[in-house]
There are 2 protein chains.
Amino acid sequence: MNQNSTQRYFEDLAVGETFNLGAETVTEAEIISFAEQYDPQPIHTDPEAAAESMFGTLVASGWHTAAISMRRFVDGIVEKAGIAIIAGVEVENLQWRRPIKPGDVLNADAEIVGLEEWNEERGTVQFELEMRTDDGDPVLQLTKRVLVARK
Amino acid sequence: MNQNSTQRYFEDLAVGETFNLGAETVTEAEIISFAEQYDPQPIHTDPEAAAESMFGTLVASGWHTAAISMRRFVDGIVEKAGIAIIAGVEVENLQWRRPIKPGDVLNADAEIVGLEEWNEERGTVQFELEMRTDDGDPVLQLTKRVLVARK
């Protein structure tokens, strides 16, 4: 899966290292498709009903925004940076800062904020991940702890 | 959206109240479909590669499991219990306890663990949500804070 020729392991990482996870545009069709399966509420599935809501527009399910942050993480951390992720362990402090509407561009970044040896084969790495719109408005933030292979 | 004739507001809720959010079976097709879009790693998208992994089988993306917990929450809390949810605010302590494989049945429950007035129109309600397999093994737990309308 790794398009980068250099796989990076637990020992290769340092607290403070930052990663640009790229950007993507959220479409109305994707918002509705996700929500019909996982969060079927009119503000996420029905543009007309959503226009009458407190948001004034269709908005993405918060779990859809969270799923997009995972796609950015896979593209930026697993594929591009080549970090040997094994599995996620937990997420702390998952906050939605503003609703996402069709056409919003989500830019994602991550920073390593913690490193801990787990056993002889693995370590845990803590990332702070943030997504912002093109205007710089915070959209979502979370801190995740993942298992990474050791050399 | 509420199929229950009685809409329930912030004032109608009490700490300690529990809700059965029903169950659903996770299919291989759904695991692959979610992961191809949001978490494209071989353990989630490629049954043959996954069979060679530490899990020995295809497993669902953690964010897929989290999205399923939202579907259970909408069905059980918004639709069945009729609670006047406005929006999610944040999630704390999102933990994946074991991987989900095709055919696993996820049973979900929630308990109200906190109530706080927000303003004259809304309160925040804190729910602890847990999903377990039919064998009673914990799968996922999280604590979420949501805005609920006042009377």
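As a reminder, the structure under discussion sits directly above these lines.
Student: How do you make sense of the overall build of chain A when you look at a structure like this?
Tutor: Of the regular secondary structure elements, chain A holds four helices and five strands. If you list the helices and strands of chain A from N to C, you get β-α-α-α-α-β-β-β-β. When the backbone C-alpha atoms are referred to their principal axes, chain A occupies close to 55 × 25 × 25 Å. Counting over 151 residues, chain A shows a buried share of 36%. The contacts in chain A between residues at least 6 apart in sequence include a share of 72% that link residues at least 24 apart.

Student: When you look at the nonpolar core in this model, what are you seeing that I'm missing?
Tutor: Grouped together as the largest cluster of nonpolar side chains are 78 residues, with contacts concentrated most on Ala 67 of chain A together with Ala 67 of chain B. Among residues more than four places away in sequence, those in contact with Ala 67 of chain B are Tyr 38, Trp 63 and Ala 67 of chain A.

Student: I would appreciate a short explanation of the relation of the copies chain B and chain A in the present structure.
Tutor: The two chain copies are connected by a rotation around an axis plus a translation along it. With an axial shift of 0.0 Å and an RMSD of 0.0 Å, the rotation relating chain B to chain A amounts to 180°. Within this description, the copies of the chain are treated as partners about a two-fold rotation axis. Residues of chain B ranked by C-alpha distance from the rotation axis are headed by Glu 92 of chain B, positioned 2.7 Å from it. Looking at the interface residues of chain B, 100% of them are also at the interface in chain A, so both copies use one shared face.

Student: Help me understand the sheet that holds strand 2 (residues 85-96) of chain A in this model?
Tutor: Within a beta sheet, neighbouring strands are joined by backbone hydrogen bonds and run either parallel or antiparallel to one another. Strand order in the open sheet made by the ten strands is 1(A)-3(A)-4(A)-5(A)-2(A)-2(B)-5(B)-4(B)-3(B)-1(B), with antiparallel pairing throughout. For this open sheet the edge positions go to strand 1 (18-25) of chain A together with strand 1 (18-25) of chain B, each flanked by a neighbour on one side alone. Across the sheet, the mean angle separating the axes of adjacent strands is 25° when strand polarity is ignored. One ladder, built from eleven bridges, connects strand 4 (residues 122-132) of chain B with strand 5 (residues 138-149) of chain B; its direction is antiparallel. Looking across to strand 5 of chain B, one finds that Thr 124 of chain B is bridged to Leu 147 of chain B. Lying over the sheet, helix 4 (residues 62-80) of chain A contacts strand 1, strand 2, strand 3 (105-117), strand 4 (122-132) and strand 5 (138-149) of chain A together with strand 2 (85-96) of chain B, oriented at roughly 130° with respect to strand 1 of chain A.

Student: Before we go on, may I ask you to explain helix 4 (residues 62-80) of chain B in this structure?
Tutor: An α-helical turn contains 3.6 residues, so any two residues separated by three or four positions project in the same direction. Residue and element names in this part refer to chain B. With 19 residues, helix 4 extends 26 Å from end C-alpha to end C-alpha; this agrees with the ideal 27 Å at 1.5 Å per step. Taken as a whole, helix 4 carries its principal kink of about 25° at Phe 73. Most of helix 4 is tucked away, with 15 of its 19 residues classed as buried.

Student: Help me understand the interface of chain B and chain A, please; the structure alone is not making it clear to me.
Tutor: Facing the 24 residues of chain B at the interface are 24 residues of chain A. Counting residues per element, the ones that place at least two in the side of chain B that touches chain A are helix 4 and strand 2 of chain B. Looking at which element gives the most residues to the side of chain B that touches chain A, the answer is helix 4 of chain B, with nine residues. Partitioning the side of chain B that touches chain A into residue classes produces 14 nonpolar, six polar and four charged. Bridge analysis of strand 2 of chain A against strand 2 of chain B gives four bridges, and the strand direction is antiparallel. Bridge assignment links Gln 95 of chain A to a residue of strand 2 of chain B, and that residue is Glu 90 of chain B.

Definitions and limits used
Residues numbered from 1 in each chain as written. Chains lettered and ligands numbered in written order. Predicted model: local features only at pLDDT ≥ 70, side-chain atom pairs only at ≥ 80, totals over all residues. Helix = DSSP H or I, 4+ residues; strand = E, 2+ residues; numbered from the N terminus. Buried ≥ 20, exposed ≤ 12 C-beta atoms within 10 Å, placed from the backbone. Contact = placed C-beta atoms within 7 Å. Core = buried A, V, L, I, M, F, W, Y, C linked by C-beta atoms within 7 Å. Least-squares fit on C-alpha atoms with pLDDT ≥ 70 in both. Pairing = 2+ DSSP bridges. Axes fitted to C-alpha atoms, helices over the stretch in contact; angles between N-to-C directions. Expected span 1.5 Å × (residues − 1). Bend = angle between axes of the 7 residues up to and from the residue. Nonpolar A, V, L, I, M, F, W, Y, C, P; charged D, E, K, R; others polar.

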